[in-house]
Structure formats: C-alpha cells, structure tokens
Amino acid sequence: QGFPALVDEGSSVALKVLADSGSAAAAHRRGVRRLLILNTSPPWKRVLARLTNTQKVVLATSPHGSVPALLDDCLAAAVDAIVAEHVPGQVRTPESYAAALAAVRTHIATRVLTVVDGVIPVLEAATRVRHLLEATGSRLPATTADVRAQLGSLVRPGFVADTGEDRLRHLTRYLRAMEVRLERAARNPREAQLQATIDSVETAYADLLDTLPEPRRRSQAVLDLAWLIEELRVSLFAQGLGTAEKVSDKRVLAAIAAQRP
C-alpha cells in the first residue's frame, strides 16, 4: 500500500508514492507550500518598507546567514498559515489548489509581516539566552551544554516554517524558560535532578527516532513529541510561565512509547 504526495524539491515539486500515511501527509503539505510559493510573487518590497532599522538589526541575528534567507523562511510559514485557514483538509484537487493559490496571493504580504512580528521577539530572546550562556561559562557545564543544545535545536535555519506561525509565541516562552533556568541554576538545589529527568526523556525520544524510517520521523505525531518535551522543560525549570497542556515526564514517556513501531 502506498500514499501519494507532492514532494518539495526546491525549484520544483514531484509526485511520489510514500510508504507511510503520516509521512506522506507531512511531505504533501511541504510540497503544496513549495508549489504555491513558486506561483506567487514574494511581497519583499512591501515587507522591507514596513521594517524599521531596529527590526532589521534584530532579523540579522538569525541563524539563517542572511536576512533574505530568514524572510524566505517567514514566507513559507505564512503560506502554511494561509492555507490552513482558507482550505479545509489537504489540498488534493484542482479546486482546492485554486482556492489556496487565490488566498495566498490575496493575503501573503500581510501575513508575512505578521510572521516577522512574531519572529522578532524569538530572536531577541535567543540573543539574551546566548548572553546568559556566555556569562554562565564553565560554572555549570551540564546546564550550559543542555541549554546550548536546546537553543540550537529551536532557533536554526528553517525554524520559522518548522515551528509554524501559531507556535511562535510558544517558542518565545520556551526561550524565556531557558533564561529563567540559567538565572536560577546556580542556586537551584534540584538542577541536577531535573537535568537527569530531561536526559531520560531526551534519550527515549532519540531512541524512538532511531527506530523510525526517515519519512516517519517527519510525521506530525512524531514532531509533536518534541514540542511536548519543550513543555516539560518549562514545567520543570520555569513553572511560573505556565504550559500549554498538562505535562509530566511520565506523560511524555508514555506518548513516546505510543509512537513505537
């Protein structure tokens, strides 16, 4: 049994048959996104005219290597958000694609600006975390190594589209939780114990990924586990910030076990 999907190939898309329904759905969303972007004029003049010099400086701190690369990432996230709002279900017919393309062409400029507005506090928080990591130095090697790896996994090239517009505000909260952790770690008697809890969950998640074929790793159910772990980190290190859902290490481990083949 196979599952057809449009697959993003950069400057084009291809129709392929994948072995897993979850990975096919995820690949198809990215393929549709690429097809829509290829058929839409990016609104860069309007976006750049709207940005202040301060915002441009913040955008230049992204890990993408250039502001244009970051804006392309924001464009992808904006397209995803527009399609999700205006086209119910997956885009798999000429009619649904025409509706998606019309919606993207109508709303893309405004939506990219909205995404950029959501990215700026993320980049500002990431910069603060980097400064705290430098200040903490070698005093807490296990903590700084863990936070540095967490930061690298969340704020990286392509993070905007991978995170999605709706979750950018949560991403800011995750980064704020890193700040709280670094500020408190030296005087937190439970720091080592909490780190051990995170290590056990991260190990279980890594073991799960090792058992899954590459396409399945990108299925939404598996990707959602990574966000659940971020919520767990907030609950352990910065509980006052609140979590988006009830979470504990037992809940996360059970969710990981449920995805095993």
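The following paragraphs examine the structure supplied in this document. (Residues numbered from 1 in each chain as written. Predicted model: local features only at pLDDT ≥ 70, side-chain atom pairs only at ≥ 80, totals over all residues. Heavy atoms only, no water.)

A word on the pattern of salt bridges
And step 1. In total, this model carries 15 salt bridges according to the counting rule given.
And step 2. Here Asp 80 and Arg 33 are joined by a salt bridge, their closest N and O atoms 2.7 Å apart. Highlighted residues: Asp 80 in helix α4 (residues 67-86) and Arg 33 in helix α1 (residues 21-38), separated in sequence by 47 residues.
And step 3. Two residues, Arg 173 and Glu 231, come together in a salt bridge whose shortest N-O distance is 2.8 Å. With Arg 173 in helix α8 (residues 168-184) and Glu 231 in helix α11 (residues 220-237), this pair connects stretches of sequence that are 58 residues apart. (Salt bridge = Lys/Arg side-chain N within 4 Å of Asp/Glu carboxyl O. Helix = DSSP H or I, 4+ residues; strand = E, 2+ residues; numbered from the N terminus.)

Remarks on the packing of aromatic side chains
And step 1. All told, the structure shown has one aromatic pair when counted by the stated rule.
And step 2. Judged by centre distance (6.1 Å) and plane angle (25 degrees), the rings of Tyr 174 and Trp 227 are stacked. Residue Tyr 174 is located in helix α8, and its partner Trp 227 is located in helix α11; the two are separated by 53 residues in the primary sequence. The pair formed by Tyr 174 and Trp 227 is uniform in burial state, with each residue classed as buried.
And step 3. The ring centre of Phe 237 lies 3.8 Å from the NZ or CZ of Arg 181, which sits over that ring. (Phe/Tyr/Trp six-rings, centres within 6.5 Å; stacked < 30°, edge-to-face > 60°. Buried < 20%, exposed > 50% of the residue type's maximum accessible area, 1.4 Å probe, protein only. Lys NZ or Arg CZ within 6 Å of the ring centre and 35° of its normal.)

Observations concerning the pairing of strand β1 (residues 3-8)
And step 1. In terms of strand pairing, β1 meets strand β2 (residues 13-18) through six bridges, oriented antiparallel. Across the sheet, residue Asp 8 finds its bridge partner in β2, namely Val 13.
And step 2. Connecting β1 to the antiparallel partner β2 that follows it, the hairpin turn spans four residues, and Gly 10 within it adopts a positive phi of roughly 90 degrees. (Pairing = 2+ DSSP bridges.)

Quick notes on α1
And step 1. In this model, α1 (18 residues) spans 25 Å end to end at C-alpha, consistent with the 26 Å of a helix rising 1.5 Å per residue.
And step 2. Considered for burial, the residues of α1 that qualify are Ser 23, Ala 24, Ala 26, Ala 27, His 28, Gly 31, Val 32, Arg 33, Leu 36 and Ile 37.
And step 3. At its buried positions, α1 is contacted by β1, β2, α4, α5 (94-136), α7 (159-163) and α10 (214-217).
And step 4. Regarding α1, its N-cap is Asp 20, as a side-chain oxygen of that residue lies 3.0 Å from the backbone nitrogen of Gly 22 further along. (Expected span 1.5 Å × (residues − 1). Contact = heavy atoms within 4.5 Å. Polar contact = N/O pair within 3.5 Å; in protein donor to acceptor, adjacent residues only side chain to side chain.)

Let's talk about the packing of helix α6 (residues 141-154) against helix α9 (residues 191-211)
And step 1. Interhelical geometry of α6 versus α9 gives an angle of 40 degrees and a closest axis separation of 10 Å. Put simply, α6 runs oblique to α9. The interaxial crossing formed by α6 with α9 has left-handed handedness. Residue-level contacts link Ala 142, Thr 143 and Asp 146 of α6 to Glu 191, Gln 195 and Ile 198 of α9.
And step 2. Of the residues contributing to the contact of α6 with α9, the split by class is two nonpolar, two polar and two charged. (Axes fitted to C-alpha atoms, helices over the stretch in contact; angles between N-to-C directions. Parallel < 35°, antiparallel > 145°, perpendicular 65-115°, else oblique. Left-handed = near helix turned anticlockwise from the far one by under 90°. Nonpolar A, V, L, I, M, F, W, Y, C, P; charged D, E, K, R; others polar.)

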